[in-house]
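Now for the letters of each chain:
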Amino acid sequence: MTMDEYFNSQSVAGLLVIKDGNIVYERYGLGNTRDTPWLSFSVTKSVVSMLVGAAIKDGFIASIDEPVTDYLPRLKGSAYDQVTIGNILQMSSGVEWNEDYSDPKSDIATADLSTLGTYRQLRRKQVVARAGEKFNYNTAETNLVGTLLRSAVGNNLSTYLSEKIWRPFGMRTDANWMLSEPGGSEIGGCCISATLRDLARIGLFALDNGRLADGTEVLPSGWMKASTAPSTGNSDYGYLWWLRGNGDFRAQGIFGQDVLIDPDHRIVIALQSARADADKAGDWKLQDAFYDALIQALGE
């Protein structure tokens, strides 16, 4: 498959490839330019994961082993009584949830993602597995992480991101974080709207282990290594990061949004797409093959 064929068949809006800190390929589609903001969907989850690390570094959160109910008392007396911050970062709370985008009756399709609506929906859920043992993808729980962060740092996620990463790391344009309700709080699992270049810089920040250009460590020592270690419930998932099993990790969103980080080759690939299907296995498989071809070509 040629690059043109991939762009057309996968409705690619933008592709940016960086190696050793230098842009080696940049291309846009669907009428986009380098200045076009684009919804990242669940790529945002991985950004939230890094903000949890920043909050630990700043002393707002003591440990991922703390119960979520220490920060979210509205969930006391629910299935979340035995769930830790680490459990929800690894999508292994053991609480029932259906994330099937093709099912109009699924939890994700019927969810009220306002802050109080999320509490109400999750308080009704039952325990279906021991916390930490079984992986079950759950966007609502990432919203809980966002609410937990706001409780811990005493500020909005967008402000905290701006102060800790966005401005210090040199993002070139403003971004927007979707709100769960008018005048309300940001949705932790979705959705930052940003340009492709700034999306790629998020990947560079992760590649540099959360370190700024002047050497300042925004994240705790070893945070990215821990974040991208295989979890008990799913060897392909860390702390809100997807893993490829070869040392690569990625921030991934529906319809073909992705930031791939390859530490061994010092490569970051940022991709924005508008695929017809939200979460089709064949599309992701093709995307992995595309990445493998790009990385191989860069190594020649």
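Everything below is about the structure shown above.
Keep in mind the model is a prediction, meaning the values are calculated, not measured.

(A) View of the overall build of the protein chain. Across its full length, the protein chain carries 10 helices and nine strands. Computed over C-alpha atoms, the radius of gyration of the protein chain comes to 18 Å, within 12% of the 19 Å expected from 2.2 N^0.38 for 300 residues, which places it in the range of a compact globule. If you line up the protein chain on its principal axes, its C-alpha atoms span 55 × 45 × 40 Å. Within the protein chain, the fraction of its 300 residues that count as buried is 55%. Within the protein chain, residue pairs in contact and separated by at least 24 positions form 64% of the contacts whose partners lie at least 6 positions apart. When the accessible surface of the protein chain is summed, it comes to about 12900 Å², and 47% of that surface belongs to carbon and sulfur atoms. Computed over 28 positive and 37 negative side-chain charges, the inter-centroid distance for the protein chain is 2 Å.

(B) Region of interest: the pairing of strand β9 (residues 267–273). Burial analysis of β9 places seven of its seven residues in the buried class, the great majority of the element. Neither face of β9 is exposed, since Ile267, Ile269, Leu271 and Ser273 on one face and Val268, Ala270 and Gln272 on the opposite face are all buried. With seven bridges joining them, strand β1 (residues 12–19) and β9 adopt antiparallel strand pairing. If you follow Gly14 over to β9, its bridge partner there is Gln272. In this structure, strand β8 (residues 257–262) lies alongside β9, joined through five bridges in antiparallel fashion. Residue pairing across strands places Asp258 opposite Leu271, the latter belonging to β9. If you look at the hairpin formed by β8 and β9, you'll find four residues sitting between the two strands, and Arg266 has a positive phi there, around 55°.

(C) Looking closely at the packing of helix α2 (residues 43–57) against helix α6 (residues 139–153). In contact at an axis separation of 10 Å, α2 and α6 are set at 30° when each is read in the N-to-C sense. The pairing of α2 with α6 is recorded here as roughly parallel in orientation. Like other packed secondary-structure pairs, α2 and α6 cross with a definite hand, here left-handed. For the pair α2 and α6, contact is made by Lys45, Val48, Leu51, Val52 and Ala55 and by Thr139, Thr142, Val145, Leu149 and Val153, respectively. Split by residue class, the contact of α2 with α6 holds seven nonpolar, two polar and one charged.

(D) Just the sheet that holds β1, in detail. Pairing within the open sheet is antiparallel, and its six strands lie in the order β2-β1-β9-β8-β7-β6. Each edge of the sheet is formed by a strand with only one pairing partner; in this case those strands are β2 (22–28) and β6 (242–243). Its contacts with the sheet put α2 on β7 (249–253) and β8, and the angle it makes with β7 is roughly 130°. On the sheet, helix α8 (residues 196–207) packs against β1, β2, β7, β8 and β9 and is oriented at approximately 145° with respect to β9.

(E) Focus on the packing of aromatic side chains. Taken as a whole and assessed by the stated rule, the structure comprises 12 aromatic pairs. Geometrically, the ring pair formed by Phe41 and Phe255 is tilted, given 5.7 Å between the ring centres and 55° between the ring planes. Taken together, the residues span a long stretch of sequence, with Phe41 in the loop between β3 (38–39) and α2 and Phe255 in the loop between β7 and β8 at a distance of 214 residues. Ring centres of Phe290 and Tyr291 lie 6.3 Å apart, and the angle between their planes is 35°; this geometry places the pair in the tilted category. Given a relative accessible area of 0%, Tyr291 falls into the buried group. Following the ring pairs from residue to residue traces out a cluster consisting of Phe135, Tyr137, Tyr237 and Trp242.

(F) Structural view of the environment of Val17. With respect to the helices and strands, the residue Val17 is situated in strand β1. Its relative accessible area of 1% is what places Val17 among the buried residues. Counting along the chain gives 276 residues from Val17 to Ala293, while the straight-line C-alpha distance between them is 12 Å. Excluding residues within four positions of it along the chain, Val17 makes contact with Asn22, Ile23, Val24, Tyr25, Ile267, Val268, Ile269, Leu294 and Leu298.

(G) Local environment of the pattern of salt bridges. Summed over all chains, the structure comprises 17 salt bridges. Asp198 is paired through a salt bridge with Arg201; the nearest N and O atoms lie 2.6 Å apart. Residue Asp198 and its partner Arg201 are both found in helix α8; the two are separated by three residues, about one turn of the helix. Taking the relative accessible area as the measure of exposure, Asp198 reaches 0% and is therefore buried.

So, how was this worked out
Residues numbered from 1 in each chain as written. Predicted model: local features only at pLDDT ≥ 70, side-chain atom pairs only at ≥ 80, totals over all residues. Heavy atoms only, no water. Helix = DSSP H or I, 4+ residues; strand = E, 2+ residues; numbered from the N terminus. Rg over C-alpha atoms; globule rule 2.2 N^0.38 Å. Buried < 20%, exposed > 50% of the residue type's maximum accessible area, 1.4 Å probe, protein only. Contact = heavy atoms within 4.5 Å. Areas by Shrake-Rupley, 256 points an atom, 1.4 Å probe, with all protein chains shown as cover. Lys, Arg positive; Asp, Glu negative; His and termini not counted. Charge placed at Lys NZ, Arg CZ, Asp CG, Glu CD. Pairing = 2+ DSSP bridges. Axes fitted to C-alpha atoms, helices over the stretch in contact; angles between N-to-C directions. Parallel < 35°, antiparallel > 145°, perpendicular 65-115°, else oblique. Left-handed = near helix turned anticlockwise from the far one by under 90°. Nonpolar A, V, L, I, M, F, W, Y, C, P; charged D, E, K, R; others polar. Phe/Tyr/Trp six-rings, centres within 6.5 Å; stacked < 30°, edge-to-face > 60°. Salt bridge = Lys/Arg side-chain N within 4 Å of Asp/Glu carboxyl O.

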